[in-house]
Amino acid sequence: MEHIPRLSEAVYVVLCRKIGSPTQVRIRREVMDTMEAVKKPVFIRRSLNKMMSGSRREGLRMKGSDTDYMFWPPDHKVICDLSQISLYRISQHTVILMEYDDLTPGFTRLSLLNPSNNEKVISSCIEINNNIYLSSTLFRDNYLRFVQTYNLSSTSQTHGPCATFCHNNTRDVDFAFCLQSPHWPAIALPWKHRCRQQSWPSDVVISDILRSGFHVVPIGSTPGSILEWRISFSLAEQKLVNAMNHTQFLCYGLLKIFLREVVNLNEDSPVLCSYFTKTAVFWVIQTNNSLPWTPENLLPHFWECFKLLINWIFFGECPNFFIPINNMFRFKVTGSIQTVLFNKFYELYCKGISSLLLSETLGLFLSQVILNRTLRVCTDENSIVTNTELDISLFEKFCAYSHKVLSVVEFAAFMKNIEIEICKRLTPNKEAALQFMTSEILRNTAMLKLCDEYQNTNRNRVYYKASYVSRLLKISCTLGCSSDILYLAMYFYKTCRFEPSLSCLHKSQDRMSNPCIVYYDHVNENMYRRCTVGMSLCHKMRIALVLDIKLHSEYTYIDELILEQKTSEENGIDILLIPPLVMLHMLFILNHHRLGDTIRSQQSLQDLHTLLLYDEGVNVPIYERDISWQILGICQQIFGDFPGALESYQHSLQQNSFHKIQEATLFRINSLSQ
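These numbers were taken from a predicted model, which means no experiment stands behind them. (Residues numbered from 1 in each chain as written. Predicted model: local features only at pLDDT ≥ 70, side-chain atom pairs only at ≥ 80, totals over all residues. Heavy atoms only, no water.)

Quick notes on the overall build of the chain
Part 1 of the argument: Per the secondary structure count, the chain includes 28 helices and 17 strands.
Part 2 of the argument: The C-alpha atoms of the chain give a radius of gyration of 28 Å, which matches the 26 Å a tight globule of 674 residues would have.
Part 3 of the argument: With the C-alpha coordinates aligned to their principal axes, the bounding extent of the chain is approximately 80 × 75 × 50 Å.
Part 4 of the argument: Taking all contacts inside the chain whose residues are at least 6 apart in sequence as the whole, residues at least 24 apart take part in 69%.
Part 5 of the argument: Just so you have it, the chain exposes about 30000 Å², and 52% of that area is on carbon and sulfur atoms.
Part 6 of the argument: Put simply, the chain has 66 plus and 64 minus side-chain charges, and the middle of one group is 4 Å from the middle of the other. (Helix = DSSP H or I, 4+ residues; strand = E, 2+ residues; numbered from the N terminus. Rg over C-alpha atoms; globule rule 2.2 N^0.38 Å. Contact = heavy atoms within 4.5 Å. Areas by Shrake-Rupley, 256 points an atom, 1.4 Å probe, with all protein chains shown as cover. Lys, Arg positive; Asp, Glu negative; His and termini not counted. Charge placed at Lys NZ, Arg CZ, Asp CG, Glu CD.)

Right, dumping it as structure tokens:
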């Protein structure tokens, strides 16, 4: 067993690289916290509150990490007993009482104490013995239809309590429409006393969890339980995961990897999901204090969690962490399924820690450590990730951030939240995130204002006078990343100010030719380090970060791409992602063409063609090549190069249809023959 500490440290290093180092995980959580605080008003217009849950919200980044969102009407309050009704104004809130009698522990019925004004809630009601109850089945189905109506996905389907769909053609996302209670259920009160006896989590975390309440999600204990709702502690679990130290967090990640790559390998519908591994980690952290949670003890703690899972499978009992009398295996791990699962786990138990060699993620590196006893393993974070990689971890969060502004009222709510956040003591990560979000909100507000101007005025009018829109865009460029000036160039082009647009393009070209530029994970680390030494994260973002140009379907940016925006929106994709260099060349081509400078326009057209022909995914990501070839074809068609445009459109059709613009491409091809 003397080699276990060394193997534990090796696994710790691999997991830090695959899942994230302590600082990388902290960056993800801090940025997400800031984004949620700023974006809070977005669902006011839909009368829904929103919370991100699942592995990604907890800070995990690994293959198969799920993204879940919970939505609930804020004016519907679930109470645990009648005495709590005095806390609410009946004229403003719909109060819903939980009933536990004769139900499986962890499940409840919901009785409406006063009428609701929510159509989906009203149509989910069933009257029984003069009492109005909410049907979980009807509630779930009503919101599934709501998702399909808004065309979030043409393939939305029910999955447990959730509506599952493929978001922007990239990954499956679960939407759980539920109800929220700001109280703590009586059935879970023993959890508080148990935690204080075991000294995990801390009293501060316990108090925070109790204040945060819980949710009820529309799923019963059995398929026919149309009135039952499951009590969900997703928010409490998120806070518990955040309370883990990094070794505990990686143990959770290791169990998820082991479950996916070893236990559930080649299984389409696995019996065990990652929620059971999370529960096992919670129990082991709270009850097993024999070894400290340090990198050299990672594998012994993993093994304790594994043995606990075997024990649960053998007895067919998996106690919920908050409500232990709720056996989560009651209807899931029974009969022949239980026997097969136990045999599989027991076979892995007999292999011992060596069963980790079966993992695709861990096997190769562990083999090298076992065979080469002189291989040095260092768990210090500085030896695992560089400062540049930490910066990129922050910038990656910005790549994923995107939100529209759809009204002046919403803009005011955003700015109020930003003002509140600025007054807080911010970490460098939160400060950079707040600055980035402010830039994007200002930019999208400018686009909203621009669309309003064009709807209310003559579209052929030329705007020479500096406007509210240009001022917002200029402030946004000052705060935002290196490529944001392209939005200002688009604005000047759209308003027929071609010389100012070209001036912006030259500035953007100079910035993006900087050797320290970061585009996704493409960066020259040595040059980045030299150019940004001693700079704050906010300054690094302004001079080094280059992001895709995002064209939201709600705004009109330039007329030449209206067809693509509408086609993409009709097919469920609400945003076009355009590589910044592609947009730069397109705007050079269009501005020079409008000014009658044929030579420079042709040169820019050739530059764009060369970029698409020879780029290997560095400046034009694979999934953005459909819109990139489409843009080249549009420019060629404007110039009258119809054979070249036809070839480019055909190239666009051959690419991965990330943006779903094939109909627009076919329309443009047909227009060439007319």
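With respect to the confidence of the model for the chain
Part 1 of the argument: In the predicted model, the chain carries a mean pLDDT of 89, and the fraction of residues at 70 or more is 93%.
Part 2 of the argument: Element-level mean pLDDT values for the chain span from 63 in strand 9 (residues 162-167) up to 97 in helix 24 (residues 580-594).
Part 3 of the argument: In the model, residues 459-466 has pLDDT below 50 throughout and makes 14 contacts with residues more than four positions away in sequence or in other chains. (pLDDT = per-residue confidence, 0-100.)

A closer look at the side chain of S652
Part 1 of the argument: Structurally, S652 is set in helix 27 (residues 642-654).
Part 2 of the argument: In this view, S652 contacts D626, W629, Q630, I661 and T665; residues no more than four positions away in its chain are not counted.

Description of the pattern of salt bridges
Part 1 of the argument: Under the criterion given, the structure shown has 21 salt bridges.
Part 2 of the argument: Between E421 and K424 there is a salt bridge; the shortest N-O distance is 2.8 Å.
Part 3 of the argument: Owing to a relative accessible area of 45%, K424 belongs among the partly exposed residues under this scheme.
Part 4 of the argument: Between D597 and R600 there is a salt bridge, with the nearest N and O atoms lying 2.8 Å from each other.
Part 5 of the argument: Connected through salt bridges with shared partners, the residues D33, E36 and R57 form a single ionic network. (Salt bridge = Lys/Arg side-chain N within 4 Å of Asp/Glu carboxyl O. Buried < 20%, exposed > 50% of the residue type's maximum accessible area, 1.4 Å probe, protein only.)

Observations regarding the packing of helix 21 (residues 525-532) against helix 22 (residues 537-544)
Part 1 of the argument: With their axes 11 Å apart at the nearest point, helix 21 and helix 22 run at an angle of 125 degrees to one another. With respect to each other, helix 21 and helix 22 are oriented oblique. Regarding helix 21 and helix 22, the two cross each other, and that crossing is right-handed. Taking contact as the criterion, the partners of Y528, C531 and T532 in helix 21 are, on helix 22, K540, I543 and A544.
Part 2 of the argument: Counted by class, the contact of helix 21 with helix 22 contains 4 nonpolar, 1 polar and 1 charged residues. (Axes fitted to C-alpha atoms, helices over the stretch in contact; angles between N-to-C directions. Parallel < 35°, antiparallel > 145°, perpendicular 65-115°, else oblique. Left-handed = near helix turned anticlockwise from the far one by under 90°. Nonpolar A, V, L, I, M, F, W, Y, C, P; charged D, E, K, R; others polar.)

Describing the packing of helix 10 (residues 274-287) against helix 11 (residues 298-315)
Part 1 of the argument: Interaxial distance between helix 10 and helix 11 falls to 9 Å at its minimum, and their mutual angle equals 115 degrees. Of the possible angle classes, the one that applies to helix 10 and helix 11 is roughly perpendicular. When you trace helix 10 past helix 11, the crossing you get is right-handed. Contacts from F276, T277, T279, A280, V281, W283 and V284 of helix 10 reach helix 11 at E304, C305, L308, L309 and W312.
Part 2 of the argument: A per-class count over the contact of helix 10 with helix 11 returns 9 nonpolar, 2 polar and 1 charged.

Digging into the packing of aromatic side chains
Part 1 of the argument: On inspection of all chains with the given rule, the structure shows 38 aromatic pairs.
Part 2 of the argument: Aromatic side chains F214 and F233 sit 6.4 Å apart centroid to centroid with 45 degrees between the ring planes, which places their arrangement in the tilted category. One end of the pair, F214, is in strand 12 (residues 214-217); the other, F233, is in the loop between strand 13 (229-232) and helix 8 (234-243), with 19 residues separating them in the sequence.
Part 3 of the argument: Through a chain of ring-to-ring contacts, three or more aromatic side chains come together here, namely F258, F302, W303, F306, F314, F315, F342, F345, Y346 and Y349.
Part 4 of the argument: Across from the ring centre of F321, 4.9 Å away, lies the NZ or CZ of R194, which sits over that ring.
Part 5 of the argument: When the ring centre of Y487 is taken as origin, the NZ or CZ atom of R443, which lies over that ring, is 4.0 Å away. (Phe/Tyr/Trp six-rings, centres within 6.5 Å; stacked < 30°, edge-to-face > 60°. Lys NZ or Arg CZ within 6 Å of the ring centre and 35° of its normal.)

Quick look at helix 12 (residues 335-351)
Part 1 of the argument: With 17 residues, helix 12 extends 25 Å from end C-alpha to end C-alpha; this agrees with the ideal 24 Å at 1.5 Å per step.
Part 2 of the argument: Looking at the buried side of helix 12, the elements it contacts are helix 9 (246-263) and helix 11.
Part 3 of the argument: Taken from the residues just after helix 12, G352 is the one with a positive phi, measuring 75 degrees. (Expected span 1.5 Å × (residues − 1).)

Observations concerning unusual backbone geometry
Part 1 of the argument: The omega torsion of the bond from W200 to P201 falls at -5 degrees, within 30 degrees of zero and hence cis.
Part 2 of the argument: By secondary structure assignment, the location of P201 is in the loop between helix 6 (189-198) and helix 7 (203-212).
Part 3 of the argument: In the Ramachandran plot, D102 falls in the positive-phi region, its phi being about 60 degrees despite a non-glycine side chain.
Part 4 of the argument: One can find D102 in the loop between strand 4 (94-99) and strand 5 (107-112).

A few points about the pairing of strand 4
Part 1 of the argument: When you tally the buried positions in strand 4, you get 5 out of 6 residues, the bulk of the element.
Part 2 of the argument: Sheet topology places strand 3 (residues 76-79) next to strand 4; 4 bridges connect them, and they run parallel. Bridge pairing in strand 4 places I79 opposite L97. (Pairing = 2+ DSSP bridges.)

Describing helix 25 (residues 598-614)
Part 1 of the argument: Across its 17 residues, helix 25 extends 24 Å between first and last C-alpha, which sits within 8% of the 24 Å expected from 1.5 Å per residue.
Part 2 of the argument: Listed in full, the buried residues belonging to helix 25 are S601, S604, L605, L608, L611 and L612. Down the axis of helix 25, the buried side of the element spans an arc of 120 degrees, and every buried residue falls inside it. Those residues of helix 25 that are exposed and aimed more than 90 degrees away from the buried face are I599 and Y614.
Part 3 of the argument: Buried residues in helix 25 make contact with helix 24 and helix 26 (625-638). (Arc of directions from axis to C-beta.)

Thoughts on the environment of H193
Part 1 of the argument: Residue placement: H193 occurs in helix 6.
Part 2 of the argument: Residues H193 and I206 lie 13 residues apart in sequence; the distance between their C-alpha atoms is 9.8 Å.

Some details on the pairing of strand 6 (residues 125-128)
Part 1 of the argument: Taken together, the 4 bridges between strand 6 and strand 7 (residues 131-134) define a ladder with antiparallel strand orientation. When the bridges of strand 7 are listed, I126 appears paired with Y133.

Concerning the side chain of S355
Part 1 of the argument: Counting through the fold element by element, S355 comes out in the loop between helix 12 and helix 13 (363-371).
Part 2 of the argument: Accessibility expressed as a relative area gives 0% for S355, which makes it buried.
Part 3 of the argument: Not counting residues within four places of it along the chain, the set of residues in contact with S355 comprises F258, V262, W303 and L348.

Looking at a nonpolar patch on the surface
Part 1 of the argument: A contiguous nonpolar patch, built from L357, I370 and L371 and spanning about 300 Å² of accessible area, is present on the exposed surface.
Part 2 of the argument: Here L371 lies in helix 13. (Patch = residues over 30% accessible without salt bridge, like charges linked within 9 Å, V, L, I, M, F, W, Y side chains within 5 Å.)

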